[in-house]
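Reading the structure
Residues per chain, in single letters:
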Amino acid sequence: MAEGCMMALRYGMVFFNLLFWLGGCGILGVGVWLSVTQGNFATLSSSLPSLSAANLLIAVGTIIMVIGCLGCVGAVKESRPLLLTFFILLLLIFFLEILSIMLFFIYQDEIDHYAQRDLKKGLQLFGTEGNVGLTNAWMIVQTDFRCCGVTNHTDWFEVYNASRVPDSCCLEYSDNCGLDNPGTWWTAPCYERVKDWLNENLVALWIFALCTALTQVITAGMLYSTLACSTAR
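Residues numbered from 1 in each chain as written. Predicted model: local features only at pLDDT ≥ 70, side-chain atom pairs only at ≥ 80, totals over all residues. Heavy atoms only, no water.

With an unreviewed UniProt entry as reference, the chain is termed Tetraspanin, source organism Oreochromis aureus. Within the UniProt record for the chain, the comment given under Sequence similarities (unreviewed entry) is "Belongs to the tetraspanin (TM4SF) family." (UniProt positions renumbered as here; feature names shortened; annotations may be inferred.)

Following this line, the structure appears as structure tokens:
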């Protein structure tokens, strides 16, 4: 009985962890692709210049691959130390996710204030040497979201020390259009536009988060049963 239980759970563990590992490979691949093809598209933050989409995906993909590989090897070899390590890492990630969500909702106003202040600080680096990534990021955001500046288009006045904005703020793009009349510029704040976009896609984000959490709970349950069967043998 214990042998059949162990065999079924082992195959289940291998299957789930293989999916876990393949998902990590996919995320890592997208991160590497972004890094190679969109190397100049970095981050809007001046305090965290390494916090780019590519670097985040590479880091997350690598962690998922390592954890998934650990679970697969532990299930195939029926190694209690590997399975216990995998179980502890899975629980740690799950609790960190819950903690991050709680802290986000508790300190949401403080996070908003800090993010806006940091983004405005980053505007000062726009167009300067060695900040091609930040410059391109702002150009893409303002063009795609049809916005200008962090809280409004006047944020750029402090950067240029004049009443002008980047050309990516223009309703119709052309060279030096940022020097024209303010009536030809986008006036919507980029920070609020991005927040609105996130709110519009909140359902999809919650579905993704719930699916991730459910997968972790199922995997942890199977792992606990595997350890119990291993002990019973």
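So, on to the overall build of the chain. Counting its regular elements, the chain contains 8 helices and 0 strands. In sequence order, the secondary structure elements of the chain are arranged as α-α-α-α-α-α-α-α. The buried share among the 233 residues of the chain stands at 30%. In the chain, the share of contacts with a sequence separation of at least 24, taken over all contacts with a separation of at least 6, comes to 65%. A total accessible area of about 13900 Å² is found for the chain, and carbon and sulfur atoms account for 68% of it. (Helix = DSSP H or I, 4+ residues; strand = E, 2+ residues; numbered from the N terminus. Buried < 20%, exposed > 50% of the residue type's maximum accessible area, 1.4 Å probe, protein only. Contact = heavy atoms within 4.5 Å. Areas by Shrake-Rupley, 256 points an atom, 1.4 Å probe, with all protein chains shown as cover.)

Working definition: the covalent bond between the sulfur atoms of two cysteines is a disulfide. Under the definition given, this model contains 3 disulfides. The disulfide bridge from Cys147 ends at Cys190, spanning 2.0 Å between sulfur atoms. Its S-S torsion of about 95° marks the bond between Cys147 and Cys190 as right-handed, since a negative value means left-handed. Remark: Cys190 occurs in helix α7 (residues 190-200) and Cys147 occurs in the loop between α5 (132-145) and α6 (155-160); sequence separation between them is 43 residues. Under the relative-accessibility criterion, Cys147 is labelled buried at 0%. With relative accessibility at 2%, the residue Cys190 sits in the buried group. For Cys148, the disulfide goes to Cys169, at an S-S distance of 2.1 Å. Across the S-S bond of Cys148 and Cys169 the torsion is about 90°, and the bridge reads as right-handed. Of this pair, Cys148 sits in the loop between α5 and α6 while Cys169 sits in the loop between α6 and α7, and the two are 21 residues apart along the sequence. Like Cys148, the residue Cys169 is buried in the burial classification. In this structure Cys25 is not part of a disulfide, and its nearest cysteine sulfur, from Cys69, lies 9.4 Å away. Classification of Cys25 by relative accessible area gives partly exposed; the value is 24%. (Disulfide = S-S within 2.5 Å.)

So, about the side chain of Gln142. Within the fold, Gln142 resides in helix α5. Note on Gln142: relative accessible area 0%, which makes it buried. Side chain to side chain, Gln142 and Trp156 meet in a polar contact 2.9 Å long. (Polar contact = N/O pair within 3.5 Å; in protein donor to acceptor, adjacent residues only side chain to side chain.)

Okay, the environment of Asn136 next. Tracing the chain through its elements places Asn136 in helix α5. The exposure class of Asn136 is partly exposed, given its relative accessible area of 23%. With 32 residues separating them in the primary sequence, Asn136 and Ser168 have C-alpha atoms 10.0 Å apart.

Considering all chains together, one arrives at 1 salt bridge under this definition. One salt bridge connects Asp112 with Lys195, and the closest N-O pair in it is separated by 3.1 Å. Taken together, the residues span a long stretch of sequence, with Asp112 in helix α4 (residues 108-123) and Lys195 in helix α7 at a distance of 83 residues. A relative accessible area of 17% places Asp112 in the buried class. (Salt bridge = Lys/Arg side-chain N within 4 Å of Asp/Glu carboxyl O.)

Below, the discussion takes up the packing of aromatic side chains. Counting across every chain of the model gives 6 aromatic pairs. Each ring, one from Phe104 and one from Phe105, has its centre 5.6 Å from the other, and the planes form 75°; the classification is edge-to-face. Look at Phe104 and you get partly exposed, because its relative accessible area is 39%. Measuring from centroid to centroid gives 6.3 Å for Trp156 and Tyr160, while their planes differ by 35°, and the two rings are tilted. With Trp156 and Tyr160 both in helix α6 and 4 residues apart, this pair spans about one turn of that helix. On the basis of relative accessibility, which here comes to 0%, the residue Trp156 falls in the buried class. Taken together, the ring pairs in this structure connect Phe126, Trp138, Trp156 and Tyr160 into an aromatic cluster. We note Arg164 situated over the ring of Tyr160; from NZ or CZ to the ring centre the distance is 4.4 Å. (Phe/Tyr/Trp six-rings, centres within 6.5 Å; stacked < 30°, edge-to-face > 60°. Lys NZ or Arg CZ within 6 Å of the ring centre and 35° of its normal.)

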